[in-house]
Amino acid sequence: MTEELTKLLNEEVFAVWFLIGAALVFWMQAGFAMVETGFSRAKNAGNILMKNLMDFCIGCVVFIVIGFGLLLGEDLFGFIGKPGFDIFTGYAEFDWSNFIFNLVFCATTATIVSGAMAERTKFLSYCVYSGIISALIYPIEAHWIWGGGWLAQLGFHDFAGSCAIHMVGGISALIGAKMVGARIGKFEKDDSGKITKVNAFPGHNIVIGALGVFILWLGWYGFNGAACTSTQQLASVFVTTTIAPSIATVVCMVFTWIKYGKPDVSMCLNASLAGLVAITAGCDVTDALGSIIIGAVSGLLVCFGVWFLDYKLHIDDPVGAVAVHMVNGIWGTIAVGLFATTSAPGNDSIIGLFYGGGFKQLGIQLLGFVSVAAWTSVCMILVFLLIKAVFGLRVSEEEEIEGLDVKEHGLTSAYAGFSIVDMTGSALLANENTSLGVSDYEKASNAMINAAVPVEIASAYIGGAHLAEEISHEARADFETGMHKVVIITKLSRYDKIKKALNELGVTGITVTQVMGCGIQKGAGQMYRGVEMDITLLPKIKLEVVVSNIPVDSVIEVAKKTLYTGKIGDGKIFVYPVSRVVKIRTGEENFAALQDVE
């Protein structure tokens, strides 16, 4: 009696855990949304969020109608499940848990494509794709693996979806990204059409990209662990699901550090996901050593995948979806045939090549990979060709340049405010082209100071006439008022120091504007995901000061001394004559109008 009660209680506990796991997988939609949004440009943030939302909602609709039946319906010839409407006709006895569990997995497959096709795909066309993959393409191949289909009958093993979900989503992303074409400016071509250069498009918000990765990692414990049936198996799956991405991230960090001179943040975030994808198929049948090897290989594969798409295939994938999901989905599927071991709790039959199992399981895994890849490739090529012919895949050039938020959704910006971010420090490095050799202002020569913080005195014009030439003595007297506007353009990081220095000089009225500055010295380029960035526009601040009693030379000297660091690009100062100043509140003019700002 006690034994039966324990068994019943255990079953109930894991039934609840099954649904909790499904909820964690649903929460992964938020992770995908954050990763894709952060790795893309701000003008398309709302569009990407909308696509991720609709992946689940559209997927739910078509999964109710046909997808669930094709996946888990009565097996027909090992190929598809028998479609049915049990959710309507027999709801009292319906398999609610399996429905919601497989629905969230289905939505995950669809949403992988969003990032690879981001920033240039028509929203309508994407919605059509999302409905088709959730209704037909994913449910049929998933039936082969999990619904009692022919691959399941052969002994093919994909515990949580390296093949059925990630590889399928990754292949779809590859085909979609190829057919929609690269974003404007991603690849430069010569007159013959040959690609001569790859340009980097840095994501606009690496912070929410990282948040997305952490959300996905948390959700992955449900993704991989929800189907476990014992505490021991669940604990083992948690261990392997932790080890593989950790190793992958460390390997990627070391690799990018060595290859590019600095550890690449976005690539390491991709590597965490790559390790998770790779361990997903065999998380229940591998041990710690197998997880380490699987993770290490995936950390290198994701770097190779990103490079191969950019430099060899010339396919634009803004978020690395193909490298993460397709490449490592394939690797994870094959890895089961190499590293499966009966020492993993709950596994007493699947043994990989490196653990004495021979080539049998490896052969089955290879057959499954090839079959599912072929099915997905053929179907997705036909789907995208059909969508392209009927609706068109790509937005217009004007829409792409202005951003899909405003053009597709009427959303001026996904952000209520404007975030000021100083990229200057990471964009310009001190080197033989930028360093002047002396960082102390007092020790620097005039030539060094003028190179680091050049000053330009604007010539005065009235109606197109130069002061020294064509205007009358009276007009010149009216213009030479003794008032000047000093404009200082510098790095955001110097703002507090220059503000304090001007205030100590007696200047209390300053207008500050964020601007984009143009210019980068030769050889100061940085690497983003293995691609050298030609940074020409950087965030700067522009300070405007109008002075009369305070000598202009004093303002210039204070600004130069405060901004100087010994590197070209410390800032620039412009001086303009001011003919008239009017204070709106009091009507005071010229010197009187300036008395409360000096």
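Residues numbered from 1 in each chain as written. Predicted model: local features only at pLDDT ≥ 70, side-chain atom pairs only at ≥ 80, totals over all residues. Heavy atoms only, no water.

1. With respect to the confidence of the model for the protein chain
- For the protein chain, the mean per-residue pLDDT works out to 87, and 88% of the residues sit at or above 70.
- Counted against residues more than four places away or in other chains, residues 460–479, with its pLDDT under 50, gives 22 contacts.
- This stretch, residues 520–524, has a pLDDT under 50; its non-local contacts, to residues over four places away or in other chains, come to 16 contacts. (pLDDT = per-residue confidence, 0-100. Contact = heavy atoms within 4.5 Å.)

2. A closer look at the side chain of Ser 125
- Mapped onto the elements, Ser 125 comes out in helix α5 (residues 123–146).
- When its relative accessible area of 2% is taken as the criterion, Ser 125 is described as buried.
- Discounting residues that sit within four places of it in the chain, Ser 125 has contacts with Ile 387, Phe 391, Gly 392 and Leu 393. (Helix = DSSP H or I, 4+ residues; strand = E, 2+ residues; numbered from the N terminus. Buried < 20%, exposed > 50% of the residue type's maximum accessible area, 1.4 Å probe, protein only.)

3. Concerning the packing of helix α7 (residues 162–180) against helix α13 (residues 360–390)
- Contact geometry for α7 and α13: axes closest at 9 Å, N-to-C directions at 40 degrees. As for the relative orientation of α7 and α13, their crossing is right-handed in sense. Together, Cys 163, Met 167, Val 168, Ile 171, Ser 172, Ile 175, Gly 176 and Met 179 of α7 and Gly 368, Phe 369, Val 372, Ala 373, Thr 376, Ser 377, Met 380, Ile 381, Phe 384, Leu 385 and Lys 388 of α13 make up the contact between the two elements.
- Across the contact of α7 with α13, the residue classes tally to 13 nonpolar, five polar and one charged. (Axes fitted to C-alpha atoms, helices over the stretch in contact; angles between N-to-C directions. Left-handed = near helix turned anticlockwise from the far one by under 90°. Nonpolar A, V, L, I, M, F, W, Y, C, P; charged D, E, K, R; others polar.)

4. Observations concerning empty space enclosed by the protein
- For the structure on display, the rule yields two cavities of 30 Å³ or more.
- Taken as a whole, the largest cavity spans an internal volume of roughly 150 Å³.
- For the largest cavity, the lining is made up of 17 residues, of which Lys 186, Val 306, Asp 310, Asp 317 and Arg 529 are closest to its centre.
- Ranked by residue count, the leading element in the lining of the largest cavity is helix α11 (residues 288–313), at four residues.
- The class makeup of the residues in the lining of the largest cavity is nine nonpolar, two polar and six charged.
- Of the volumes computed, that of the second largest cavity is approximately 100 Å³.
- Every residue along the wall of the second largest cavity is listed here: Phe 32, Val 35, Glu 36, Ile 112, Leu 216, Asn 270, Leu 273, Val 319, Gly 320, Ala 321, Val 324 and His 325.
- Secondary-structure elements contributing two or more residues to the lining of the second largest cavity are α1 (2–38), α10 (265–280) and α12 (321–339). (1 Å grid on protein atoms, 1.4 Å probe; cavity = no way out; pocket = protein on both sides within 12 Å on 5 of 7 lines; lining within 4 Å. Points joined across faces, edges and corners; volume = space filled by probe spheres on them.)

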